[in-house]
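Here is how the chains run, residue by residue.
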Amino acid sequence: MDSFKVKIAVGKWSTTFVVHDDMERPIAGAFLNLDTGFLSNLWVAEGHRRHGLAAAIMREAERELSRRDKDVLIVATHPDNTPAQKLFEKLGYKLMYQYTKEVK
């Protein structure tokens, strides 16, 4: 992962992870709900993908939950988001079933 470092802002109920480039511009990030263990809004800016940034954020989220004696990190993605699915599988995540309903 080049010279990037994951910055962490821990709140009472959630943690924010952000990676900045050398000009201090955000290039990747995610939110972690500390109560549910759900990681959401994981993103990496185009041009910075496939450099290990998402994996680094995932590892930091795992460490943060582990420090809090939580057992599971949950992530979700769209069924068509093959790159994210491959990343999750590479990191050892297992596919679970999920039901959704549009309420609009």
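Residue indices follow the written sequence of each chain, beginning from 1 at its first position. Local features in a predicted model are, by the rule used here, given only for residues with pLDDT of at least 70; side-chain atom pairs are given and counted only at 80 or more, and totals for whole chains, interfaces and linings are based on all residues. Derived side-chain values reflect all non-hydrogen atoms in the structure, with water molecules and hydrogen atoms excluded from consideration.

Peer 1: Tell me about the overall build of the protein chain, and please be specific about residues and values.
Peer 2: Here a helix means four or more residues in a row that DSSP labels H or I, a strand means two or more in a row labelled E, and each is numbered from the N terminus. When its secondary structure is counted, the protein chain shows 2 helices and 5 strands. Scanning the protein chain from its N terminus toward the C terminus, one meets helices and strands in the order β-β-β-β-α-β-α. Between the two quantities, the radius of gyration covers C-alpha atoms and the globule rule is 2.2 Å times the number of residues to the power 0.38. Taken over C-alpha atoms, the radius of gyration comes to 14 Å for the protein chain, in line with the 13 Å a tight globule of 104 residues would show. With the C-alpha coordinates of the protein chain rotated into their principal frame, the extents come out at 40 × 30 × 30 Å. Classification of the 104 residues of the protein chain by burial places 29% in the buried group. Residues count as neighbours in contact if any of their non-hydrogen atoms are within 4.5 Å of one another. Contacts spanning at least 24 positions in sequence make up 37% of the contacts within the protein chain whose residues lie at least 6 apart. Working note: accessible area of the protein chain is about 7900 Å², and carbon and sulfur atoms make up 52% of it. We count Lys and Arg on the positive side and Asp and Glu on the negative side, and we leave His and both chain ends out. Charged side chains are reduced to one point each, which is NZ for Lys, CZ for Arg, CG for Asp and CD for Glu. Charge centroids of the protein chain, computed over 16 positive and 14 negative side chains, lie 1 Å from each other. Throughout, exposure labels follow a simple rule: accessible area from a 1.4 Å probe, protein chains only, divided by the maximum for the residue type, with under 20% read as buried, over 50% as exposed, and the rest as partly exposed. Only the protein chains shown count as covering a residue, and every accessible area follows the Shrake-Rupley method with a 1.4 Å probe.

Peer 1: Let's hear about the pairing of strand β3 (residues 26-33): which residues, and what values?
Peer 2: Bridging between strand β2 (residues 14-20) and β3 involves 7 bridges; their strand directions are antiparallel. Considered in β3, the bridge of Val-18 is made with Gly-29. In textbook terms, the turn of a hairpin is the stretch between consecutive antiparallel strands, and for β2 and β3 this stretch comprises 5 residues, one of which, Glu-24, has a positive phi near 65°. Strand pairing is assigned whenever DSSP identifies at least 2 bridges connecting the two strands. Pairing of β3 with strand β4 (residues 38-44) involves 4 bridges; the strand directions are antiparallel. When the bridges of β4 are listed, Ala-28 appears paired with Val-44.

Peer 1: Hey, could you go over a positive patch on the surface for me, with residue numbers and the actual values?
Peer 2: Taken together, Arg-50, Arg-59, Lys-86 and Lys-90 make up a surface patch of like positive charges. Judged by relative accessible area, which is 37%, Arg-59 ranks as partly exposed. Every patch collects residues that have over 30% relative accessible area and no salt bridge, joining them within 9 Å if they carry like charges and within 5 Å if they are nonpolar side chains (Val, Leu, Ile, Met, Phe, Trp, Tyr). We define a salt bridge as a contact between a side-chain nitrogen of Lys or Arg and a carboxyl oxygen of Asp or Glu at a distance within 4 Å.

Peer 1: So what's going on with the sheet that holds β3? Residues and values would help.
Peer 2: Read from one edge to the other, the open sheet built from 5 strands follows the order β1-β2-β3-β4-β5, with strand pairing classed as mixed. Lying at the two open borders of the sheet, with one neighbouring strand each, are β1 (6-10) and β5 (74-75). Bridge analysis of β4 against β5 gives 2 bridges, and the strand direction is parallel. Each bridged residue has a counterpart across the sheet, and for Leu-39 the counterpart in β5 is Val-75. Contacts from helix α1 (residues 53-67) reach β1, β2, β3, β4 and β5 within the one sheet, and its direction differs from that of β3 by about 30°. As a rule, the C-alpha atoms of each element are fitted with a line to give its axis, helices using only the stretch in contact, and angles between N-to-C directions run from 0 to 180 degrees.

Peer 1: Residue-level account of the nonpolar core, with values.
Peer 2: Each nonpolar core is a collection of buried residues, namely Ala, Val, Leu, Ile, Met, Phe, Trp, Tyr and Cys, held together in the definition by side-chain atoms within 4.5 Å. Core analysis: the largest hydrophobic core is formed by 24 residues, its most contacted members being Phe-17, Val-19, Leu-32, Leu-39, Leu-53, Ile-57 and Leu-73. Put simply, the parts of the chain that give this core at least two residues each are β2, β3, β4, α1 and α2 (82-90). Examining the composition of this core, we find that 8 residues originate from one element, α1, more than from any other. Those residues in contact with Leu-39 that sit more than four places away from it in its chain are Phe-17, Ala-30, Phe-31, Leu-32, Met-58, Ala-61, Leu-73, Ile-74 and Val-75.

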